[in-house]
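Next come the chains, spelled out residue by residue.
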Amino acid sequence: AVELGLPSVRRPRRTSRQVMVGDVPVGGDAPVSVQSMTTTVTADVNATLQQIAELTAAGCQIVRVAVPSQDDADALPGIARRSQIPVVADIHFQPKYVFAAIDAGCAAVRVNPGNIKKFDDKVGEIARAAAAGGVPIRIGVNAGSLDPRLLARHGRATPEALVESALQECSLFEEHGFRDLKISVKHHDPRVMVAAYRLLAARCDYPLHLGVTEAGPLMQGTVKSAVAFGVLLDEGIGDTIRVSLSAPPVEEVKVGIQILESLGLRERRLEIVSCPSCGRAQVDVYTLTDQVTAALDGFPHPLRVAVMGCVVNGPGEAREADLGVASGNGKGQIFVKGEVVKTVPESQIVETLVEEAMRLAEERESR
Ligand code: SF4
């Protein structure tokens, strides 16, 4: 966890086995990783690789691609070979695509337990191929694809039903001595999802892939995921996360990273401490905040920047940051490490903050 100088109240991390997804460790003492899924047709290799490159640039560490057809399976070698991050093949219905994914050099395979039953006799073969290829398998249970028998017995996709389904699927692989598994038990309701993962965490030592499935559009999905992941990660549960949004997957990665940063599980790069504005504001705080955020996006070091709409509370808040501005009378008081270094016209606030940020970066790099 990031050292904040605060007493730690987080419960210890759950002890889990570690699997390697390509070169990314998942579970054990590995940092919680962020993953996403492409939305391109996988068979369109160039479009898929382009999207993977965008995800990689955004900080994605593991990427999943859907493999619903032979054309998609045929595309896997080109994608797995050229992707900069490990590629997970998401497979439903067809065991032959699992073998194709392993042969293609995919770093992991996700199988749907509602469908794997149809190829029970293939489980041993899959386990042997995965073991030989060093490829872990994710058992991905979703409320929507729960085994109909379990659904009938539990009445609906309860936490118990999700966990029973996952552990049953795991046992199919365990019978063949295969334990390089990670598990997800996703539900669209964060409360059900949290209960399911807690139950699962207590009943196995496999690494857990957290996800609120079908979480919704950007705003709703972000809130649902942040709430659910926040609760679980704070309890030490969860080894890799995927935020599911009805929005471009790069947004999923950004949200996932912000969740980890907010929990102190990853060092925050750019933190904007901006005020919500109020009747005292003497500047358009929203626009100024957007401009400052855009101008400092990608800054190479941790940086906390305060953007305050007035000089009433502004200076006090701005002093807590590495850099800050408190606006008033068409001007901005610029703070660096708690000291006012200059006062500039409103039109020069953004460029001055960037200059001061660069100065801080140079100082840091010359240390
Ligand atoms: Fe209002 Fe000033 Fe506080 Fe912003 S810093 S919320 S403008 S009092």
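Since we're looking at a predicted model, the values are computed, not measured.

Q: Before we go on, may I ask you to explain helix α2 (residues 70-82) in this structure?
A: Residue pairs spaced three or four apart in an α-helix point in one direction, given the helix's 3.6 residues per turn. Along α2, the sharpest kink reaches roughly 35°, centred on L76 and followed within four residues by the proline P77. Of all the positions in α2, only D72, A73, A75, L76, G78, I79 and A80 are classed as buried. Contacts from the buried residues of α2 go to α1 (45-58), β4 (62-66), β5 (87-91) and α3 (95-104).

Q: Teacher, can you tell me more about the pairing of strand β14 (residues 331-336) here?
A: Strand residues, when the strand is regular, have side chains that alternate between the two faces of the sheet. Bridge analysis of strand β13 (residues 323-328) against β14 gives 6 bridges, and the strand direction is antiparallel. When the bridges of β14 are listed, G328 appears paired with K331. In this structure, the hairpin formed by β13 and β14 is closed by a connection of 2 residues, where N329 is found at a positive phi of approximately 55°. Summarising the sheet, β14 and strand β15 (residues 339-345) pair through 6 bridges and their orientation is antiparallel. The partner of K331 across the bridge, within β15, is P345. The loop that links β14 with its antiparallel partner β15 comprises 2 residues; one of these, K337, has a positive phi angle of about 50°.

Q: Honestly, the packing of aromatic side chains in this entry has me stumped. Any pointers?
A: Each aromatic ring pair is described using two quantities: the centre-to-centre distance and the angle formed by the ring planes. Taken as a whole and assessed by the stated rule, the structure comprises 1 aromatic pair. With centroids separated by 5.9 Å and ring planes inclined at 55°, the aromatic side chains of F173 and F178 adopt a geometry described as tilted. Here F178 falls in the buried class, since its relative accessible area comes to 3%.

Q: Would you explain helix α11 (residues 285-296) in this entry?
A: Taking 1.5 Å per residue as the helical rise, α11 with its 12 residues ought to reach 16 Å, and the 16 Å between its terminal C-alpha atoms agrees with that figure. In this structure, the buried residues of α11 make contact with β11 (270-274), β12 (303-308), β13 and α13 (349-366). The positive-phi residue at the C-terminal boundary of α11 is G298, with phi of around 85°.

Q: Would you mind going over a nonpolar patch on the surface with me for this structure?
A: A surface patch of nonpolar side chains, amounting to about 360 Å² of accessible area, comprises M219, V223, V227 and V231. Residue position: V231 is located in helix α9 (residues 218-234).

Q: For this particular structure, what's the right way to read the packing of helix α7 (residues 159-174) against helix α8 (residues 190-203)?
A: Each pair of packed helices can be described by the angle between their axes along with the distance between the axes. It is the contact of α7 with α8, at a shortest axis distance of 8 Å, that shows an interaxial angle of 45°. Considered as vectors, α7 and α8 are oriented oblique to each other. Taken as a pair, α7 and α8 cross one another with a handedness that is right-handed. Only V192, A195, A196, L199, L200 and R203 of α8 make contact with α7, whose side of the interface consists of P159, E160, L162, V163 and L167. Across the contact of α7 with α8, the residue classes tally to 9 nonpolar, no polar and 2 charged.

Q: What's the story with the sheet that holds β4 in this structure? I'm lost.
A: What links the strands of a sheet is backbone hydrogen bonding, and the strands pair in either a parallel or an antiparallel sense. Pairing is parallel in the open sheet, where 8 strands are placed in the order β8-β7-β6-β5-β4-β3-β10-β9. Since the sheet does not close on itself, it has two edges, and those belong to β8 (181-186) and β9 (209-210), each with one partner. Looking at chain direction, strand β3 (residues 33-37) and β4 are connected through 3 bridges and run parallel. Considered in β4, the bridge of Q35 is made with I62. Contacts from helix α10 (residues 249-262) reach β3 and β10 (240-242) within the one sheet, and its direction differs from that of β3 by about 160°.

Q: Sorry, what's going on with the UniProt feature "binding site: [4Fe-4S] cluster" (unreviewed entry) in the chain here?
A: In the UniProt entry, the feature "binding site: [4Fe-4S] cluster" (unreviewed entry) is given for C275, C278, C310 and E317. If sequence neighbours within four positions are ignored, C275 has contacts with V285, V307, M308 and G309. Residue placement: E317 occurs in helix α12 (residues 314-319). Residue class for E317 comes out partly exposed when judged on its relative accessible area of 41%. Excluding residues within four positions of it along the chain, E317 makes contact with A306 and M308.

Q: Got a minute to help me understand the environment of L263 in this structure?
A: Turning to its location among the elements, L263 is positioned in the loop between α10 and β11. Sequence-wise, L263 and V231 are 32 residues apart; in three dimensions their C-alpha atoms are separated by 9.8 Å. Beyond its immediate chain neighbours, meaning those up to four positions away, L263 contacts R10, F229, G230 and L233.

Q: Would you explain the pairing of β8 in this entry?
A: Among the 6 residues of β8, 6 are classified as buried, and the element is accordingly described as predominantly covered. Pairing of strand β7 (residues 137-142) with β8, which is carried by 6 bridges, proceeds in the parallel orientation. Bridging across to β8, N142 finds its partner in K186.

Q: I would appreciate a short explanation of the environment of V141 in the present structure.
A: In this structure, V141 sits in strand β7. Residues V141 and A161, 20 residues apart in the sequence, show an inter-C-alpha distance of 9.9 Å.

Q: Would you take a moment to explain the confidence of the model for the chain for this structure?
A: Low pLDDT marks regions whose predicted coordinates should not be analysed in detail. Averaged over every residue, the pLDDT of the chain is 92; the share at 70 or more is 94%. Across the interface, the model reports ipTM at 0.99; the global pTM reads 0.90.

What counts as what
- The residue numbering used here restarts from 1 in each chain and proceeds along that chain's sequence as written.
- Predicted model: local features are reported for residues with pLDDT of at least 70 only, side-chain atom pairs are reported and counted for 80 or more only, and whole-chain, interface and lining totals are derived from all residues.
- To get the side-chain values, all heavy atoms of the structure are used, and hydrogens and water are removed first.
- Working definition for bend: take the seven residues up to and ending at a residue and the seven starting at it, fit an axis to each, and measure the angle between the axes.
- Starting at the N terminus, helices and strands are each numbered in turn, a helix being any DSSP run of H or I of at least four residues and a strand any DSSP run of E of at least two.
- For every residue, the accessible area obtained with a 1.4 Å probe (protein chains only) is divided by the maximum for its type, and the residue is called buried under 20%, exposed over 50%, and partly exposed between those limits.
- By definition, residues are in contact when any of their heavy atoms lie within 4.5 Å.
- A pair of strands counts as paired when DSSP detects no fewer than two bridges linking them.
- Ring geometry is summarised as follows: Phe, Tyr and Trp rings, the Trp one being its six-membered ring, pair when their centres sit within 6.5 Å, and such pairs are stacked at plane angles under 30 degrees, edge-to-face over 60 and tilted between the two.
- In this scheme, a helix's expected span is set at 1.5 Å multiplied by one less than its residue total.
- Two distance rules govern patches: like charges are joined within 9 Å, and nonpolar side chains (Val, Leu, Ile, Met, Phe, Trp, Tyr) within 5 Å, applied only to residues with over 30% relative accessible area and no salt bridge.
- Under the convention used here, a 1.4 Å probe and the Shrake-Rupley method define accessible areas, while residue burial counts only the protein chains that appear.
- Think of a salt bridge as a Lys or Arg side-chain nitrogen and an Asp or Glu carboxyl oxygen that are within 4 Å of each other.
- What counts as an axis is a line fitted to C-alpha atoms, over the stretch in contact for a helix, and the angles between N-to-C directions run from 0 to 180 degrees.
- For classification purposes, an angle smaller than 35 degrees is called roughly parallel, one larger than 145 roughly antiparallel, one from 65 to 115 roughly perpendicular, and anything else oblique.
- Each crossing is labelled by how the near helix is turned from the far one, with a counterclockwise turn of less than a right angle marking it left-handed and a clockwise turn marking it right-handed.
- Three residue categories are used. Nonpolar comprises Ala, Val, Leu, Ile, Met, Phe, Trp, Tyr, Cys and Pro, charged comprises Asp, Glu, Lys and Arg, and polar comprises the others, including Gly.
- UniProt positions are given in the numbering used here, feature names are shortened, and annotations may be inferred rather than shown by experiment.
- On a scale of 0 to 100, pLDDT captures the predictor's confidence in every residue.

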